[in-house]
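The lines below spell out each chain.
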Amino acid sequence: MDGRMKKTMLQIASAVEARMNCIVTGCRQLRGGGDGQAFYVTMNVPPFAVVVKAYSNRAVREREAINLGLLGGLSPIRLPKVLFTHDATEDVPFDFLCMEHIIGRDASSLRRRILKDRVRRARFAEAVADALVSIHENTCDRFGSASEPVFESWLAFYKPTAEVILRRAREKAKNGRFDKKAVSVMESMSARLDKILSENVTSAALIHGNLSAGNILADTTTLLPVAFTGTANAMYADRDYELFRLKDADGERLGLYDAYRSKAKVSHNCDLKCAVYRLWDEAGACIKSGRRTTPALRAAAKEAKRLLEENPNQPGGEKKDKSMSCEHQP
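This write-up is about the structure you can find in this document. Values in this document were obtained by computation on a predicted structure and should not be read as measured data. (Residues numbered from 1 in each chain as written. Predicted model: local features only at pLDDT ≥ 70, side-chain atom pairs only at ≥ 80, totals over all residues. Heavy atoms only, no water.)

1. So, the nonpolar core
In step 1: Within the largest apolar cluster, 87 residues are counted, with the highest numbers of intra-cluster contacts made by Trp154, Phe178, Leu279 and Trp280.
In step 2: The leading source of residues in this core is helix α11 (residues 270–289), at eleven residues.
In step 3: If you look at the next biggest cluster of nonpolar residues, it comprises 19 residues, including Met9, Cys22, Val41 and Val52. (Core = buried A, V, L, I, M, F, W, Y, C linked by side-chain atoms within 4.5 Å. Buried < 20%, exposed > 50% of the residue type's maximum accessible area, 1.4 Å probe, protein only. Helix = DSSP H or I, 4+ residues; strand = E, 2+ residues; numbered from the N terminus.)

Right, here's the structure in full:
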């Protein structure tokens, strides 16, 4: 462990002791964490263990805290409750939130055990799909972040970000710092983006926004899902946007995408839309990390190109509904 990480954990321990009137008995970094670094903290009084997630951006922490509360009240599968938040100070110079610890392991690490039994795999996938269907029933007349949806259409919300990613990828490709084949596929898809993405987006559905297998906790005995994590990207969106992460390597093996499709109506060209979302997401990740390419980006570009060639003519958008408020199911 480097000195910087050790110092961070000591600062977290100090802040938790002050806020929870306890003695911290242990602190270790957890893998993953998405938009922040997650730590498992143990203490000498109830609840005996919590998870602290530290952020470099306060806005992201605030958004995740709000989203955990919102989705936690609507999802059949639990989300961690926020216990308190911390604003950066001189003594603890980073923002974090402290949330309840839910016992379980992420589904990616349990994948082999889940896949050993076909019935067990189906039960797991169906439980995740049922929870997503329930969350997606909550709709709004505006698109955007879950806490503040302000856009009148999905394209108005999503397309500017997609255009920025394509422009940056194009610029980097000219200097040999981005995969030129991926850019070529993105250019081909960009010309049809409006028609591809507007199909069947008749209302804004509340989505988790980042539900990969790594953000699903499962019970280590029953191997059933017990919690969703990583909610910083929750939004009112095209519900198909939720699904492209269900098709990542682990999600597809676990049958998450197929289970959802068996329970909910998706757009006619859902596979192609998911390919668009996946390609742009992988491109954005490469740009953010400074990488020229990754196996995931190459696979996304290959899949998008294949589907685009198989579907040369895409349907246009349909008329949007006229509901004027966000509707949360009881």
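The discussion continues.
2. Comments concerning helix α12 (residues 295–310)
In step 1: Helix length check: α12 (16 residues) gives 23 Å between terminal C-alpha atoms against 22 Å at 1.5 Å per residue, within 8%.
In step 2: For α12, the set of buried residues is Leu297, Ala300, Ala301, Ala304, Leu307 and Leu308. Buried residues of α12 fall within an arc of 135° about the axis and therefore sit on the same side. Residues of α12 that are exposed and point more than 90 degrees away from the buried face comprise Pro295, Lys302 and Glu309.
In step 3: Taken together, the buried residues of α12 touch α6 (180–190), α7 (193–198) and α11. (Expected span 1.5 Å × (residues − 1). Arc of directions from axis to C-beta. Contact = heavy atoms within 4.5 Å.)

3. Description of the packing of α6 against α12
In step 1: Close contact between α6 and α12 brings their axes to 9 Å; oriented N to C, the two are set at 35°. The interaxial crossing formed by α6 with α12 has left-handed handedness. On the side of α6, the interface is formed by Ala182, Val185, Ser188 and Met189, while α12 contributes Leu297, Ala301, Ala304, Lys305 and Leu308.
In step 2: Here the residues of the contact of α6 with α12 sort into seven nonpolar, one polar and one charged. (Axes fitted to C-alpha atoms, helices over the stretch in contact; angles between N-to-C directions. Left-handed = near helix turned anticlockwise from the far one by under 90°. Nonpolar A, V, L, I, M, F, W, Y, C, P; charged D, E, K, R; others polar.)

4. Focus on the packing of aromatic side chains
In step 1: Overall, the coordinates contain 13 aromatic pairs when judged by the stated rule.
In step 2: For the pair Phe94 and Phe96, a centre-to-centre distance of 6.2 Å together with 45° between the ring planes defines the contact as tilted. The burial state of Phe94 is the same as that of Phe96; both residues are buried.
In step 3: Geometrically, the ring pair formed by Phe143 and Trp154 is tilted, given 6.3 Å between the ring centres and 45° between the ring planes. On the criterion of sequence distance, the pair formed by Phe143 in strand β8 (residues 143–145) and Trp154 in helix α5 (residues 154–174) is long-range, its members being eleven residues apart. You'll find Phe143 and Trp154 in the same group, each marked buried.
In step 4: Its guanidinium or amino end placed over the ring of Tyr257, Lys247 lies 4.7 Å from that ring's centre, counting from NZ or CZ. (Phe/Tyr/Trp six-rings, centres within 6.5 Å; stacked < 30°, edge-to-face > 60°. Lys NZ or Arg CZ within 6 Å of the ring centre and 35° of its normal.)

5. Focus: the pattern of salt bridges
In step 1: Tallied over the entire structure, the rule returns 20 salt bridges.
In step 2: A salt bridge links Arg111 to Asp250; the nearest nitrogen and oxygen atoms lie 2.8 Å apart. Residue Arg111 is found in helix α3 (residues 111–115), and its partner Asp250 is found in helix α9 (residues 249–253); the two are separated by 139 residues along the sequence. For the pair formed by Arg111 and Asp250, the shared burial category is buried.
In step 3: The partner of Asp281 in a salt bridge is Arg245, and the shortest N-O contact between them spans 3.1 Å. Of this pair, Asp281 sits in helix α11 while Arg245 sits in the loop between α8 (240–243) and α9; the two residues are 36 residues apart in sequence, bridging distant segments of the chain.
In step 4: Note on Arg245: relative accessible area 16%, which makes it buried.
In step 5: If you follow the salt bridges from partner to partner, you end up with Arg58, Arg61, Glu62, Asp87 and Asp95 in one network. (Salt bridge = Lys/Arg side-chain N within 4 Å of Asp/Glu carboxyl O.)

6. Brief notes about the layout of surface pockets
In step 1: Of the volumes computed, that of the second largest pocket is approximately 350 Å³.
In step 2: In this structure, the second largest pocket is lined by 14 residues; those nearest its centre are Arg4, Thr8, Gln37, Ala54 and Phe94.
In step 3: Those elements that provide at least two residues to the lining of the second largest pocket are α1 (3–20) and β3 (49–55).
In step 4: Among the elements that line the lining of the second largest pocket, the one with the most residues is α1, at five residues.
In step 5: Its residues placed into classes, the lining of the second largest pocket shows five nonpolar, five polar and four charged. (1 Å grid on protein atoms, 1.4 Å probe; cavity = no way out; pocket = protein on both sides within 12 Å on 5 of 7 lines; lining within 4 Å. Points joined across faces, edges and corners; volume = space filled by probe spheres on them.)

7. Considerations on the sheet that holds strand β6 (residues 105–106)
In step 1: Strand order in the open sheet formed by three strands is β6-β11-β12, and the pairing between neighbours is antiparallel. Every other strand in the sheet has two partners, leaving β6 and β12 (225–228) as the edge strands with one partner each.
In step 2: With three bridges connecting them, strand β11 (residues 216–218) and β12 associate as antiparallel partners. If you follow Ala218 over to β12, its bridge partner there is Pro225. (Pairing = 2+ DSSP bridges.)

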